[in-house]
Amino acid sequence: MEKIDNAEKVGEWIPASERSPEDLTPVNITWVNIKPAPYYAHVKDEMFTATGILYHGAWYWYSAYCADYLREYGDNKNDAIDEHVEIIAWQPLPEPCREDDEE
């Protein structure tokens, strides 16, 4: 795994307008739906967090399957983030828990 640059500290949000994460690197994202379907009108302009992945300038909802599919086929319409969802900021994921860390 690649070391995180000092500018990308875990827990610090990086505005998406300033810069993007590396392609195919899962990151936490803050997102807002600026034009939801009528039955989701109550979430318009509300901020949420999730895990996403950027690939060639397009955002996708992250899963290991999604990342593998993007690597192999270069597109994944099923996991593409809707054009009305705006990614506000992102941050690197924390390192996974290791059993030997618990000692």
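Residues numbered from 1 in each chain as written. Predicted model: local features only at pLDDT ≥ 70, side-chain atom pairs only at ≥ 80, totals over all residues. Heavy atoms only, no water.

A few points about the nonpolar core
A general trend in soluble globular proteins is that nonpolar side chains are found buried together.
Now for step 1: Among the nonpolar cores identified, the biggest contains ten residues, and these are Ile14, Val27, Ile29, Trp31, Leu54, Trp59, Ile81, Val85, Ile87 and Trp90.
Now for step 2: Not counting residues within four places of it along the chain, the set of residues in contact with Trp31 comprises Glu46, Met47, Phe48, Thr49, Ala50, Trp61, Val85, Glu86, Ile87 and Ile88.
Now for step 3: Counting seven residues, the second largest nonpolar core, distinct from the first, contains Tyr55, Tyr60, Cys66 and Ala67. (Core = buried A, V, L, I, M, F, W, Y, C linked by side-chain atoms within 4.5 Å. Buried < 20%, exposed > 50% of the residue type's maximum accessible area, 1.4 Å probe, protein only. Contact = heavy atoms within 4.5 Å.)

A look at the sheet that holds strand β3 (residues 47-55)
Now for step 1: Judged by pairing direction, the sheet is antiparallel, and its five strands sit side by side in the order β1-β5-β2-β3-β4 without closing on themselves. Of all strands in the sheet, those with a lone pairing partner are β1 (14-15) and β4 (58-61), marking the two edges.
Now for step 2: The pairing of β1 with strand β5 (residues 85-92) spans two bridges and is classified as antiparallel. Across the sheet, the residue bridging to Ile14 is Trp90, located in β5. (Pairing = 2+ DSSP bridges. Helix = DSSP H or I, 4+ residues; strand = E, 2+ residues; numbered from the N terminus.)

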